[in-house]
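Residue-level listing of the chains:
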Amino acid sequence: MSDPLEAGPREPGPLQSAPPEEVADESRPPHAGPVSQIAAALAALAVGVAGAIGSVALGLGRLTQPGPGLWPFAISVVIVVLSAVLVVTGRKLEDTERFSKASLLTAGGLVTLILLAWLLPLIGFEIPSLLLVFVWLRWLGKESWRTSIVVSVVTVAAFYLLFVVLLQVPLPRLI
């Protein structure tokens with residue numbers, strides 16, 4: 001009787017799956033290449049640096065009395081460090097995808113987020129947040145009309161209760 005630990009590689013059984021490198025995923029777009037990986041890392045690095053500069057302008061305060069920029073600064077530093085690591089290791093990775101029609105969904109999400117930030121001080125957080133959640137659920141998430149409406153209303157109501165009523169955060173609002 002031979003030792004199973006000394007045996008060579010075996011074929012996967014009926015309950016085992018093949019190793020990931022052998023499975024071709026037809027639903028994923030093709031790899032965009034190392035240049036795209038590095039470009040994405042550099043873009044994230046620029047966002048992290050800009051965030052760090054902006055948070056320093058807000059004031060970091062002290063550890064015993066943190067200023068409004070301390071938490072954004074900490075997050076920005078993490079973004080800068082991770083982006084720098086990705087710049088160094090990114091040429092070997094294969095997780096970037098080529099732009100496709102599906103990439104437009106991400107662009108749509110970004111545009112709606114920018115609209116939320118623009119409308120927030122003008123008309124409060126209720127209507128823009130309701131529209132944002134609805135658009136993301138209905139068109140980006142392909143949820144039903146009923147689900148999109150109900151989840152949007154419940155989400156904004158929960159945020160209102162949590163931030164405005166319980167935590168008394170001074171958000172721009174209509175109500």
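What you see is a predicted model, and the numbers here were worked out from it, not measured in a lab.

## Some details on the side chain of Ser148
For step 1, the next point in the chain: Following the sequence through the fold, Ser148 ends up in helix α5 (residues 145-166).
For step 2, the next point in the chain: A relative accessible area of 0% places Ser148 in the buried class.
For step 3, the next point in the chain: Discounting residues that sit within four places of it in the chain, Ser148 has contacts with Phe134, Leu137, Arg138 and Glu143.

## Description of helix α3 (residues 103-123)
For step 1, the next point in the chain: If you check α3, its first and last C-alpha atoms are 30 Å apart, about what 21 residues at 1.5 Å a residue would give, namely 30 Å.
For step 2, the next point in the chain: Of the residues making up α3, those classed as buried are Ser103, Gly109, Thr112 and Leu116.
For step 3, the next point in the chain: Where α3 is buried, its residues meet α4 (126-140).
For step 4, the next point in the chain: Gly124 lies just past α3 and shows a positive phi near 90°.

## A word on the environment of Gly69
For step 1, the next point in the chain: Positionally, Gly69 belongs in the loop between α1 (34-58) and α2 (70-89).
For step 2, the next point in the chain: The class of Gly69 is buried, set by a relative accessible area of 0%.
For step 3, the next point in the chain: A sequence separation of 18 residues divides Gly69 from Gly51, and the C-alpha atoms of the two residues are 9.5 Å apart.
For step 4, the next point in the chain: Excluding its chain neighbours within four sequence positions, the residues that come into contact with Gly69 are Ser55, Leu58, Gly59 and Leu60.

## Quick look at α1
For step 1, the next point in the chain: An ideal rise of 1.5 Å per residue puts 36 Å on 25 residues; α1 measures up with 36 Å between its terminal C-alpha atoms.
For step 2, the next point in the chain: The elements touched by buried residues of α1 are α2.
For step 3, the next point in the chain: Positive backbone phi, at 105°, marks Gly59, one or two positions downstream of α1.

## What to know about the packing of α4 against α5
For step 1, the next point in the chain: Contact pair α4 / α5: the axes reach a minimum separation of 8 Å and the direction vectors enclose 145°. You can see that α4 and α5 cross each other, and the crossing is right-handed. Residue-level inspection shows Glu126, Ser129, Leu130, Val133, Phe134, Leu137, Arg138 and Trp139 of α4 in contact with α5, the latter providing Trp145, Thr147, Ser148, Ile149, Val151, Ser152, Val153, Thr155, Val156 and Tyr160.
For step 2, the next point in the chain: Class assignment for the residues of the contact of α4 with α5 results in eleven nonpolar, five polar and two charged.

## What about the environment of Ser83?
For step 1, the next point in the chain: Looking at the secondary structure, you find Ser83 in helix α2.
For step 2, the next point in the chain: The buried category is assigned to Ser83, whose relative accessible area is 5%.
For step 3, the next point in the chain: When the C-alpha atoms of Ser83 and Leu42 are compared, they prove to be 6.9 Å apart, with 41 residues separating the residues in sequence.
For step 4, the next point in the chain: If we ignore the near neighbours within four places in the chain, the residues touching Ser83 are Ala41, Ala44 and Leu45.

How each quantity is defined
Residues numbered from 1 in each chain as written. Predicted model: local features only at pLDDT ≥ 70, side-chain atom pairs only at ≥ 80, totals over all residues. Heavy atoms only, no water. Helix = DSSP H or I, 4+ residues; strand = E, 2+ residues; numbered from the N terminus. Buried < 20%, exposed > 50% of the residue type's maximum accessible area, 1.4 Å probe, protein only. Contact = heavy atoms within 4.5 Å. Expected span 1.5 Å × (residues − 1). Axes fitted to C-alpha atoms, helices over the stretch in contact; angles between N-to-C directions. Left-handed = near helix turned anticlockwise from the far one by under 90°. Nonpolar A, V, L, I, M, F, W, Y, C, P; charged D, E, K, R; others polar.

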